[in-house]
Amino acid sequence: MPETRNNVESRLPTYEEVMAAAKRLEGVAHRTPVLRSRLIDEQLGAEVVFKCENFQRIGAFKFRGAYNALSQFSPEQRRAGVVAYSSGNHAQAIALAAQLLDVPATIVMPHDAPPAKAAATAAYGATVVRYDRYTEDREEIGRDLEERHGLTLIPPYDHYDVIAGQGTAVKELLEDVGEVDALFIPLGGGGLLSGSLLSVGALSPHCAVYGVEPEAGNDGQRSLREGRIVHIDTPQTIADGAQTQHLGELTFAILQRSGPTILTATDPELVEAMGSLVTFMKIVVEPTGALGFAAFRRMASRLQGRRVGVLISGGNVDPARLGALLAGAA
Ligand SMILES: *Cc1c(COP(=O)(O)O)cnc(C)c1O
């Protein structure tokens, strides 16, 4: 039987949960810097504050949600271990959180995931299980690990504690700079955006929130427009952290309730935004991490003189790839 809306509502985290997550993360996650650039402000005609999660542990905000979830495991869950499916930042986030909390971690990755990512994950002490995405069923591998070995699955975004943990980045930003007029946040499965909305509701309620997804995969935009979770094929984009095929049940419910505006950015716009961040701020940002800034640059003329928050969500991009992207070769 499909869940009623009330039923989902009762399972959504609140700002109280974000505050509790912040306590758990204190002294464990970095309180990342809020950076500014006079030249970017002049260029775009606004007062822009960047929350730089590219400087977070593992190079992206995902450590926040992962640690918040794992630190609440029961003794039995800790003993049995955690399992996650990911070849990206969620994998490394779970692996590091598990290492810090002494929980065995199993990360399930497709056999064609970049070797560097598998190596980075294994370096945190996680067991990496590869599967062939064409001949093996990931769900079956997962069920086996969960049911037979008693592991707890932590999904990358549609999870109460993950959402609450992700909300702590914007909580810090708003505590540091006060209220803002607009806030631009990258959007994949919606864990970061929905957690951020909880913090905005409490700390900067009049702020206009923009979620930004790749133009090639605007399922979030369509989902809010159509009032249902739209599923799409894996989008072709350089924003590999936002190649999600659909929002989650919990993240969608929070988005629907708060009604952020969803914008999109094209790959060339992401490259331009990354180039601007390297040039003026001297920071390395991965394509997905530049979604918010790319969208803001496009609509800056409508935010003249305003205070604008931009969340830089991660910086995990191979230097050679970054160079090729900026040189226009990839
Ligand atoms: C995962 C990720 C996102 C998207 O986050 P969701 O919670 O899935 O919306 C954005 N940027 C980076 C760098 C990520 O790793």
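Q: How would you explain the site of the ligand if you had to name every residue and give the values?
A: The local shell around the ligand holds 15 residues, among which K62, N89, G188, G190 and S313 are the closest. In this structure, G188 approaches the ligand through a main-chain N or O atom, which is 2.8 Å from an oxygen atom. Here an oxygen atom of the ligand and a backbone polar atom of G189 are 2.8 Å apart. Relative to its unbound accessible area of 380 Å², the ligand is 97% covered by the protein chains. The residue makeup of the shell around the ligand, split by class, is 4 nonpolar, 9 polar and 2 charged.

Q: Any chance you could break down the nonpolar core for me, citing the residues and the numbers?
A: Counting 38 residues, the largest nonpolar core has F50, F184, L270, L277, F293, F296 and V310 as its most contacted members. Residues V8, V49, V177 and L193 belong to the second largest nonpolar core, which totals 31 residues.

Q: Could you give me a rundown of the environment of S199, with the residues and numbers involved?
A: Locating S199 in the fold gives a position in helix 10 (residues 191-203). Spatially, the C-alpha atom of S199 lies 29 Å from that of E272, the residues being 73 residues apart in sequence. Other than its neighbours up to four places away in sequence, S199 contacts Y15, V18, G167, V170, K171, L174 and S204. Reaching out from S199, the side chain makes a polar contact with the backbone oxygen of G167 at a distance of 2.8 Å.

Q: I'd like a description of the pattern of salt bridges, backed by residues and values.
A: One pass over the full model with this rule turns up 18 salt bridges. The partner of D41 in a salt bridge is R36, with the nearest N and O atoms 2.5 Å apart. For E226, the salt bridge identified is with R228, shortest N-O distance 2.7 Å. Within the structure, one salt-bridge network assembled from shared partners comprises R31, K171, E175 and D176.

Q: So what's going on with the sheet that holds strand 2 (residues 47-52)? Residues and values would help.
A: Strand order in the open sheet made by the 6 strands is 1-2-10-7-8-9, with mixed pairing throughout. Unpaired on one side and paired on the other, strand 1 (34-35) and strand 9 (261-265) mark the two borders of the sheet. Relative to strand 10 (residues 307-312), strand 7 (residues 182-186) runs parallel, the two being bridged by 3 bridges. Looking at strand 10, one finds that L183 is bridged to G309. Most of the contacts of helix 10 go to strand 7, to which it runs at about 155°, and overall it touches strand 7, strand 8 (208-214), strand 9 and strand 10.

The rules behind the values
- Residues numbered from 1 in each chain as written.
- Predicted model: local features only at pLDDT ≥ 70, side-chain atom pairs only at ≥ 80, totals over all residues.
- Heavy atoms only, no water.
- Near = heavy atom within 4 Å.
- Polar contact = N/O pair within 3.5 Å; in protein donor to acceptor, adjacent residues only side chain to side chain.
- Areas by Shrake-Rupley, 256 points an atom, 1.4 Å probe, with all protein chains shown as cover.
- Nonpolar A, V, L, I, M, F, W, Y, C, P; charged D, E, K, R; others polar.
- Core = buried A, V, L, I, M, F, W, Y, C linked by side-chain atoms within 4.5 Å.
- Buried < 20%, exposed > 50% of the residue type's maximum accessible area, 1.4 Å probe, protein only.
- Helix = DSSP H or I, 4+ residues; strand = E, 2+ residues; numbered from the N terminus.
- Contact = heavy atoms within 4.5 Å.
- Salt bridge = Lys/Arg side-chain N within 4 Å of Asp/Glu carboxyl O.
- Pairing = 2+ DSSP bridges.
- Axes fitted to C-alpha atoms, helices over the stretch in contact; angles between N-to-C directions.

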